[in-house]
Amino acid sequence: MASAHHATRVLLILSAVVCAACAAKSAKTEDAAPEGAAAGTFDISKLGATGDGKTDSTKAVMDAWTLACGATGSSTLVIPKGDYLVGPLGFTGPCKGDITIQLDGNLLGTNDLAKYNASWIEVTRVDNILITGAGTLDGQGKAVYSKDCKAMPNTLVLYYVNNGTVSGIKLLNSKFFHINIDKSKDITVKDVTITAPGDVENTDGVHVGDSSNVTITNSVIGTGDDCVSVGSGSAGVMVTEITCGPGQGISVGCLGRYKDEKDVSDVTVRDCVLKSTTNGVRIKSYEDAESVITASRLTFENIRMDDVAKPIIIDQYYCPEKVCPGKKSSTSHVAVKDVVFRNITGTSSTPEAVSLLCSENQPCSGVELIDVKVVYAGKNNKTIAVCNNAKGIAKGSIEALACLA
């Protein structure tokens, strides 16, 4: 009996061990949330990320993305408080459900440039994504701005994204553009703060290209380049309530730099303030454009200029590199028409408050200067406007700026 009782006890202990092992395995499997599992919250700190600003947490972030994207239903990828050093992040879809990236902490982009093939954070072919929180995407660009490197990584790219929102986050010191929206539709960028040194070019705040139904609103942007730039192939872009400066202003263009570019249409810039920028609101196209395109139905209204160098610009002779892409000629391949500048007020730091430099062979048409009242803030000159080959009307603007033919 004692022997049988002993055998029974052994069997019970073995059974307990096996059951415990099965339970542990089950719990581990549940935590892993394999593809097709139920949606949930995936915290990078629970997947191995270390928020000390020094330890590489790339794998933990990518593991969290894989779990969230593969789960059925709405899932959240959480970046908790802390500083997480990461390399390139490829958030690629399609995903099985809606995704939220909750940025409560800070992601720091590695300065090991050899690790980048393209951009830092790329969201590709993902529908219904929200990137939100009080944290920061820190490109750590200050450490590499002085390096002679033409191809630097953008901080955040939305590529073939439908119904995406970026809300509330901060973006700091990108190595190149801070946000690049490309080939996407139904995108909103709101309540963000974007900051970079005012003397570093190609650090655009938000760039939009080949995208439609894009809204950029209620944000503070100060960089060394355009606060917002709208490139070719874009339509239905709304830019509102932006405080811009330092930087190069808010631009449509550059247009015509590359072959096979597409038209730009229905862009509205409204209710913005520009402070000490090198340009105000601007349309720019290459003087020897590679593409035959049209920029039309562009509206700039209710904008205040505060000590802005060149408040209103159309420039069909844009060529910053001094070596333009095509054979030099007096013919512009980019048509600019139906442009409204309305209720633009404030001060200019240069006498030339309005500069409309249009092509002789491709004049700008349908241009309206309505209630434009920007004055030179200096004392040794008068406010002036230069309008070459620009056709349209001027109403309610100060006399010195009513130069349209």
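Above this text is the structure in question.
Computed from a predicted model, the values in this text were never measured in an experiment.

1. Looking at empty space enclosed by the protein
Left-over empty space is what a probe sized like a water molecule reveals as it rolls over the atoms. Under the counting rule described, the total for this entry stands at two cavities of 30 Å³ or more. In the lining of the largest cavity, the residues fall into nine nonpolar, no polar and no charged. What the second largest cavity holds in volume is close to 30 Å³. Every residue along the wall of the second largest cavity is listed here: Gly-109, Tyr-116, Trp-120, Gly-139, Pro-153, Asn-154, Thr-155 and Lys-175. Partitioned by chemical class, the residues of the lining of the second largest cavity number three nonpolar, four polar and one charged.

2. Comments concerning the pattern of salt bridges
Following the criterion strictly, the structure yields nine salt bridges and no others. Among the salt bridges present, the one from Glu-301 reaches Arg-270, with a minimum N-O distance of 2.7 Å. In this pair, Glu-301 sits in strand E24 (residues 293-308) while Arg-270 sits in strand E22 (residues 264-275), placing the two residues 31 residues apart along the sequence. Looking at Glu-301, the relative accessible area reads 11%, which means it is buried. Each of Asp-182, Lys-183 and Asp-210 takes part in a single network of salt bridges with overlapping partners.

3. Description of the pairing of E22
The sheet contact formed by strand E20 (residues 235-244) and E22 spans seven bridges and is parallel. Residue pairing in the sheet places Ala-235 in a bridge with Ser-265 of E22. Pairing between E22 and E24: ten bridges, direction parallel. When the bridges of E24 are listed, Val-267 appears paired with Leu-298.

Rules of the game
- Residues numbered from 1 in each chain as written.
- Predicted model: local features only at pLDDT ≥ 70, side-chain atom pairs only at ≥ 80, totals over all residues.
- Heavy atoms only, no water.
- 1 Å grid on protein atoms, 1.4 Å probe; cavity = no way out; pocket = protein on both sides within 12 Å on 5 of 7 lines; lining within 4 Å.
- Points joined across faces, edges and corners; volume = space filled by probe spheres on them.
- Nonpolar A, V, L, I, M, F, W, Y, C, P; charged D, E, K, R; others polar.
- Salt bridge = Lys/Arg side-chain N within 4 Å of Asp/Glu carboxyl O.
- Helix = DSSP H or I, 4+ residues; strand = E, 2+ residues; numbered from the N terminus.
- Buried < 20%, exposed > 50% of the residue type's maximum accessible area, 1.4 Å probe, protein only.
- Pairing = 2+ DSSP bridges.

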